[in-house]
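# Coordinate inspection notes
Chain by chain, the residues:
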Amino acid sequence: MWTSWWLWALVAVCAGQTFRERAETIMRVTPVIDGHNDLPWQLLTKFNNQLREERANLSTLADTHTNIPKLRAGFVGGQLLLLQFWSAYVPCDTQDKDAVKRTLEQIDVIHRMCQAYPETFACVTSSEGIEKAFQEGKVASLVGVEGGHSIDSSLGVLRALYHLGMRYLTLTHSCNTPWADNWLVDTGDDEAESQGLSEFGKKVVREMNRLGVMIDLAHVSVATMKAALQLSAAPVIFSHSSAYQLCTHKRNVPDDVLQLVKATGSLVMVNFYTDYVTCSSKAKLTEVADHLDHIKKVAGAQAVGFGGDYDGVTRLPEGLEDVSKYPDLVAELLRRGWTEEEVKGALAENLLRVFKAVEKESDLTRTPEEEPIALNKLHGSCRTQYGYSAAPSLFHRPGALLASLAPLLLGLCLL
Ligand SMILES: *[C@@H]1O[C@H](CO)[C@@H](O)[C@H](O)[C@H]1NC(C)=O
Ligand SMILES: [Zn+2]
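The present account deals with the structure reproduced in this document. (Residues numbered from 1 in each chain as written. Chains lettered and ligands numbered in written order. Predicted model: local features only at pLDDT ≥ 70, side-chain atom pairs only at ≥ 80, totals over all residues. Heavy atoms only, no water.)

### Things to note about the coordination of the zinc ion (ligand 2)
- Distances from the zinc ion (ligand 2) to its protein donors, E146 (OE), H219 (NE2) and H240 (NE2), fall at 2.0 to 2.2 Å.
- Here the donor residues of the zinc ion (ligand 2) are spaced in sequence according to E-x72-H-x20-H. Taken together, the residues H219 in the loop between β6 (214-216) and α10 (222-231) and H240 in the loop between β7 (237-238) and α11 (255-264) connect sequence positions 21 residues apart. Residues H219 and H240 agree in their burial class; the two are buried. (Donors = N, O, S within 2.8 Å, 3.2 Å for Na, K, Ca; no water. Helix = DSSP H or I, 4+ residues; strand = E, 2+ residues; numbered from the N terminus. Buried < 20%, exposed > 50% of the residue type's maximum accessible area, 1.4 Å probe, protein only.)

### Observations concerning the site of ligand 1
- If you check the shell around ligand 1, you find R52, N57 and Y117 and nothing else.
- Within the side chain of N57, an N or O atom sits 2.2 Å from an oxygen atom of ligand 1.
- Look at ligand 1: alone it shows 360 Å² of surface, and the protein chains cover 44% of it. (Near = heavy atom within 4 Å. Polar contact = N/O pair within 3.5 Å; in protein donor to acceptor, adjacent residues only side chain to side chain. Areas by Shrake-Rupley, 256 points an atom, 1.4 Å probe, with all protein chains shown as cover.)

### What about the side chain of S266?
- Positionally, S266 belongs in the loop between α11 and β8 (267-270).
- Look at S266 and you get buried, because its relative accessible area is 1%.
- Here T264 takes part through its side chain, which lies 2.8 Å from a polar atom of the side chain of S266.
- In this structure, S266 is in contact with L229, P235, V236, V261, Q302, A303 and R353, ignoring residues within four places of it in sequence. (Contact = heavy atoms within 4.5 Å.)

### With respect to the pairing of strand β5 (residues 166-170)
- By the criterion of burial, β5 is predominantly enclosed, with 5 of the 5 residues buried.
- Sheet topology note: the strand β4 (residues 139-146)/β5 ladder contains 4 bridges and is parallel. Considered in β5, the bridge of V143 is made with M166.
- In the classification by handedness, the crossover that spans β4, the intervening helix α7 (residues 155-163) and the parallel β5 is right-handed. (Pairing = 2+ DSSP bridges. Right-handed = clockwise from strand over helix to strand, strands pointing away.)

Here is the structure:
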């Protein structure tokens, strides 16, 4: 093949290509896969999800890190090779309220985005679909649901979200669910409730394995990270987390967890948010590269990816201000001596490997998990209790238990 990689490499050397030019050469055949983009949240907060509003037009959308021209920028010849996991994120204050409804609406707005801009986005749900979208020069678009509260402790909701296209679920956002603990447990701001994953939380993980939904450990506590890494039958991802060793923020991944990432063939997609990169309000592109270097050193080059958190954060490093800047980060990795192979891994191939392993492990013919969460684990005052027998609920309401014993006690006294 005249266009094989070694020829490109030879051409590159002979022509004295700059690192940026080499980055572009690589990115012509290997897409950027970003594990986490919050554009759908911007569409909700700015336009209440009304895509047909003039200001919401993605070709001209201003004041966001992501729009169509920025997605196209930096890709020579107009060729567009990109994949975004669009985040269907709803905040923790929806927990025990309308979390499920709002999650459905965020998935809907992602689907409508693909429909409104079919020349740019292709909504896909499989590794095969990703590869087809790339061949067509489109932004392969997948749904990641950010926060276990979005399933409202229901395996039925988990399965329904899978059928709507969810291909990763972040086990928690910045709040505990009744079955998994979040990172604020590690700062002391929240109390551990599940010591990682509860028995029901383990069922959620096993059911995600059965369905073929990637397990995302961004935002969870270290105990939850370890529990999920040990339990999952397939590799897992951190869709937008950086290295704790370089910035001791509890949202980041500590080195002992990176060892488990290495052992399980899992993946850390580095977050660009300055607060997670330098633990301060300022950062540079090279400091993001330091995180990529560190994870590569501890867990191997196959464990590294990009998870920019664009449109989900307020502060980004100098040089990585929006989604047009990925080629500069790739150039920096090349400057640091990363091989072409390693760079391609970080760009796309590591995520594709994990996704394919998750698909391979999935088996929809296997019997689904059926046992629901215990009624007494559920909170919120607007719940009905269909399907639960009334008896177990007596035992978590001490008042009710006493009341039911009262006639008996009274009877004893009368004797
Ligand atoms: C966005 O604006 C362009 C013109 O700038 C127009 O052609 C396109 O139809 C608009 N798209 C939507 C979905 O409104
Ligand atoms: Zn997040």
